[in-house]
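# Structure assessment
Listed here are the chains, written in short residue letters.
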Amino acid sequence: MTALLDIHVASKAFGARTVLRDLRLQIRAGEFVSLIGASGSGKSSLLSIVAGLDRDWQGSIVLAGARVEGVSADIGLIFQEPRLFPWLTVARNVTFGSGGRDDPSALLEEVGLAGLGDYLPRHLSGGQAQRAAIARGLMGSPRVLLLDEPFSAVDAFTRIRLQDLLVRVAKQHALTVLMVTHDLDEALFLSDRVVLLDGGSGALTEYVPARGPRERGDPRQAVLKGEILARLYAAQAL
């Protein structure tokens, strides 16, 4: 496999506890990969490493053949909470990383926030705030987008709409996506590959959802979901 993103974490520890060891994950250009696993297995730690926010680890991150050191404009990150600055307008939140020099109008329209650029975050619903966070993640035209449980704080209907939005913008921007989620249905619906992380050992088990048009509740995914749940139960992850 020719990988756009090549992740190798030889070791990541918190004190005496090693959370990631000998982990190797390669992701092709344009691929959508969901990372699942038990709480504490190191999923969010891995995203922080790839995003360049965590420097206390051993290994390498290689993007398009070049080693990445620290934060890169080619790698965007969307958190579980929108993390918007309450004193800045939506437009200024979206352009914050670019110094506010760029016009966010097109992105705001793309994520369904046209006309809301002058609003403050307190005037937005939870779903709208997360749309603003998605627009901010896209602002620098990254090649890779990282998402850490981005829809877990919204209601079920809003979550579905945001998932549809993510599928659309990932395709429009030719993004390579690595997302952490605890929602197996979400992972199976969105992903080209679902990767189960065994914390500590660094072992990865890969599952490939059924190909074809994306459909919620696709019965072909039920067997795969059962296999993943059985693996989690066997590891005492639930």
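Residues numbered from 1 in each chain as written. Predicted model: local features only at pLDDT ≥ 70, side-chain atom pairs only at ≥ 80, totals over all residues. Heavy atoms only, no water.

Now for the packing of aromatic side chains. Counted by the stated rule, this structure contains 2 aromatic pairs. With a centroid separation of 5.3 Å and 40° between ring planes, the pair formed by phenylalanine 85 and tryptophan 87 is classed as tilted. When the ring of phenylalanine 85 is compared with that of phenylalanine 96, the centres are 4.6 Å apart and the planes differ by 50°; the resulting orientation is tilted. Placement of phenylalanine 85 in the loop between β6 (75–78) and α2 (90–94) and of phenylalanine 96 in the loop between α2 and α3 (105–110) is noted, with a sequence separation of 11 residues between them. Taking relative accessible area as the criterion, phenylalanine 85 reaches 25% and is therefore assigned partly exposed. One aromatic cluster is present, built from ring pairs that chain together Phe85, Trp87 and Phe96. Sitting over the ring of phenylalanine 14, lysine 12 keeps its end group 4.5 Å from the ring centre. (Phe/Tyr/Trp six-rings, centres within 6.5 Å; stacked < 30°, edge-to-face > 60°. Helix = DSSP H or I, 4+ residues; strand = E, 2+ residues; numbered from the N terminus. Buried < 20%, exposed > 50% of the residue type's maximum accessible area, 1.4 Å probe, protein only. Lys NZ or Arg CZ within 6 Å of the ring centre and 35° of its normal.)

This next bit is on the nonpolar core. Judged by nonpolar contacts, the single largest core of 33 residues is most densely connected at Ile134, Leu145, Leu166 and Val177. Broken down by secondary-structure element, the contributors of at least two residues to this core are α2, α3, α4 (126–138), β7 (144–148), α5 (156–172), β8 (176–180) and α6 (184–190). With 6 residues, the single largest contributor to this core is α4. Ranked by size, the runner-up nonpolar core spans 27 residues in total, among them Leu20, Ile27, Val33 and Ile75. (Core = buried A, V, L, I, M, F, W, Y, C linked by side-chain atoms within 4.5 Å.)

Moving on, we come to the side chain of lysine 12. Position of lysine 12 among the secondary structure elements: in strand β1 (residues 5–14). A residue is classified by how much of its surface remains accessible, and lysine 12, at 3% relative accessible area, is buried. Separated by 3.2 Å, the side chain of lysine 12 and the backbone oxygen of aspartate 56 make a polar contact. (Polar contact = N/O pair within 3.5 Å; in protein donor to acceptor, adjacent residues only side chain to side chain.)

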